[in-house]
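Examination of the molecular architecture
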Amino acid sequence: MSAAGDRLQDTAREAALALPGTDHGYPFTQHLDVYKIAGKVFLIVTDDPDEQIITVKCEPEHARAQVRGYVSIAPGRYLDKWHWISLGPGPGITKRLVTNAVEDSYDLAVERLPRRDRPRSR
């Protein structure tokens, strides 16, 4: 079952908040809900009702495969287009795919943290 925009955004938020050490806020603009682990961004949820997307960190090879495989996945909107992808509602964008994308993005952010700053477990 495909996720509509608001469900896609809600799914991403729920997945992010379930991960240890997650913090979020609106540091850039009132329409960008930014999720971080120890200061490292791993998810941006666009609150603009005309543009219901999420942006996540992604390994470059996997990012290119996702962009090729789904019409509603594009190179990252606000960040480095090589390491980030943006997902919008559309065919094949399921709750599981969104949750996996958020969790993978979180894991990539955690890998870049010094061991002392990493959450205990996930």
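This section reports on the structure supplied with the text. Everything numeric in this text was worked out from a predicted model, so none of it was measured.

Observations concerning the side chain of Thr46
- Of note, Thr46 is situated in strand β3 (residues 40-46).
- A relative accessible area of 2% means that Thr46 is categorised as buried.
- In contact with Thr46, not counting residues within four places along its chain, are Gln9, His31, Leu32, Glu51, Gln52, Ile53 and Tyr78.

Overview of the packing of aromatic side chains
- In total, this model carries 1 aromatic pair according to the counting rule given.
- Arranged with centres 5.2 Å apart and planes meeting at 80°, the rings of Phe42 and Tyr106 form a pair that is edge-to-face. Within this pair, whereas Phe42 is found in strand β3, its partner Tyr106 is found in helix α3 (residues 95-111), the two being separated by 64 residues in sequence. Neither Phe42 nor Tyr106 differs from the other in exposure class; each is buried.

Here we look at the sheet that holds β3
- Taken in spatial order, the 6 strands of this open sheet run β1-β2-β3-β4-β6-β5, and their pairing is antiparallel. A strand with exactly one partner marks an edge of an open sheet, and here the two such strands are β1 (22-25) and β5 (73-75). Shown here is a sheet whose adjacent strand axes are inclined to one another by a mean of 25°, direction ignored.
- Sheet analysis places strand β4 (residues 54-57) next to strand β6 (residues 84-87), joined by 4 bridges and oriented antiparallel. If you follow Ile54 over to β6, its bridge partner there is Leu87.
- Helix-sheet contacts for helix α2 (residues 60-69) involve β5 and β6, and the interaxial angle to β5 is about 135°.
- Across the sheet, α3 lies against β1, β2 (32-37), β3, β4, β5 and β6, angled at about 45° from β4, the strand it touches most.

Thresholds, definitions, all that
Numbering of residues starts from 1 in every chain and runs along the sequence as written. Confidence filtering applies because this is a predicted model: local features only for residues at pLDDT of at least 70, side-chain atom pairs given and counted only at 80 or more, and all residues used for totals across whole chains, interfaces and linings. In computing side-chain values, all of the structure's heavy atoms are included and hydrogens and water are not. Think of it this way: any DSSP run of H or I at least four residues long counts as a helix, any run of E at least two long counts as a strand, and we number them from the N terminus. Only protein chains enter the calculation, and the probe is 1.4 Å; a residue is then buried if its accessible area is under 20% of its type maximum, exposed if over 50%, and partly exposed in between. Residue contacts follow a heavy-atom distance rule, with two residues in contact if any of their heavy atoms lie within 4.5 Å. Centre distance within 6.5 Å is the pairing criterion for rings of Phe, Tyr and Trp, where only the six-membered ring of Trp is used; planes under 30 degrees apart are then read as stacked, over 60 as edge-to-face, and the remainder as tilted. Whether two strands pair depends on DSSP finding at least two bridges between them. Where helices are involved, their axes are fitted lines through C-alpha atoms of the stretch in contact, as for all axes, and angles between N-to-C directions lie from 0 to 180°.

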